[in-house]
Amino acid sequence: MATSDLPHALVIMGVSGSGKSTIGEALGRRLGWRFEDGDSFHPPANVAKMSAGHPLTDEDRRPWLQAIADEIARCRAAGEHVIIACSALKKAYRDILVAGHSDVRMVYLRGSRELIADRMEHRQGHFMPPGLLASQFATLEAPAAGEHPIAVSIDAPVAAIVDDILQQLNIGQRRA
Ligand SMILES: Nc1ncnc2c1ncn2[C@@H]1O[C@H](COP(=O)(O)OP(=O)(O)OP(=O)(O)O)[C@@H](O)[C@H]1O
Ligand SMILES: O=C(O)[C@H](O)[C@@H](O)[C@H](O)[C@H](O)CO
């Protein structure tokens, strides 16, 4: 696949604790693409709400999703590739990010509630309480085939998950 055929943006999506930051950073290193954590686009009030153990509403998420969509549009205009971690739990949220462009692909990190809960319990220094995982799964609408997601199992070492994503993108060989 020629570089020009590659998506401008890969959105690493999935519930809290599914590994978006970990996989996004590793994928960025392998592709030589910039990685951005969607959490840094949250208004402070959203982070405060989640830290206090309350799930966000659609209304809370709208400005955050729009800020990430704006960043994707900025990268497109600049001709840059970008990888962005964003839970993007609902189809309507992903529609905001994709904004009708076929050069934005979802990478869906799929895993069991038990595995993700265990990883969240052992994670240090993150604002997201493990108690919000149930609401994340309740909100999750897994991407349908029509969204052409790259779906990967997270029950594997990080390097193997990155290999799986690269294979599905038709970038078979390892890059530095
Ligand atoms: N493939 C993996 N194998 C083992 N541990 C992993 C793997 N992927 C991620 N982890 C660990 O699981 C925890 C959650 O990962 P991470 O913080 O990347 O998730 P996230 O989806 O970005 O979370 P959030 O949305 O809450 O920011 C971290 O402690 C991370 O080190
Ligand atoms: O839509 C949401 O509920 C939020 O985006 C969460 O998913 C958090 O941002 C993230 O998971 C915690 O880091």
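Here, the structure is the one placed above.
This one's a predicted model, so the numbers in the text were calculated from it and none came from an experiment.

Visitor: An account of the sheet that holds strand E4 (residues 104-110) is requested, with residue identities and associated values reported.
Guide: For sheets, the rule is that strands pair by backbone hydrogen bonds, running either parallel or antiparallel. Pairing is parallel across the open sheet formed by five strands, whose spatial order is E2-E3-E1-E4-E5. Here the strands that pair on one side only, and so sit at the sheet edges, are strand E2 (34-37) and strand E5 (150-153). With direction set aside, neighbouring strand axes in the sheet form an average angle of 20 degrees. As paired elements, E2 and strand E3 (residues 82-85) share four bridges and run parallel to each other. Residue pairing across strands places Phe-35 opposite Ile-83, the latter belonging to E3.

Visitor: So what's going on with the site of ligand 2? Which residues, and what values?
Guide: Around ligand 2, the structure places Ser-16, Lys-20, Asp-39, His-42, Met-50, Arg-61, Trp-64, Ser-87, His-126, Phe-127, Met-128 and Gln-136. A distance of 2.7 Å separates an oxygen atom of ligand 2 from a polar atom in the side chain of Arg-61. In the environment of ligand 2, an oxygen atom lies 3.0 Å from a nitrogen or oxygen atom belonging to the side chain of Ser-87. For ligand 2, the accessible surface in isolation is 330 Å², of which the surrounding protein chains cover 96%. Classifying every residue of the shell around ligand 2 by side-chain character gives four nonpolar, five polar and three charged.

Analysis parameters
- Residues numbered from 1 in each chain as written.
- Chains lettered and ligands numbered in written order.
- Predicted model: local features only at pLDDT ≥ 70, side-chain atom pairs only at ≥ 80, totals over all residues.
- Heavy atoms only, no water.
- Pairing = 2+ DSSP bridges.
- Helix = DSSP H or I, 4+ residues; strand = E, 2+ residues; numbered from the N terminus.
- Axes fitted to C-alpha atoms, helices over the stretch in contact; angles between N-to-C directions.
- Near = heavy atom within 4 Å.
- Polar contact = N/O pair within 3.5 Å; in protein donor to acceptor, adjacent residues only side chain to side chain.
- Areas by Shrake-Rupley, 256 points an atom, 1.4 Å probe, with all protein chains shown as cover.
- Nonpolar A, V, L, I, M, F, W, Y, C, P; charged D, E, K, R; others polar.

Shape descriptors only; they carry no functional weight alone.
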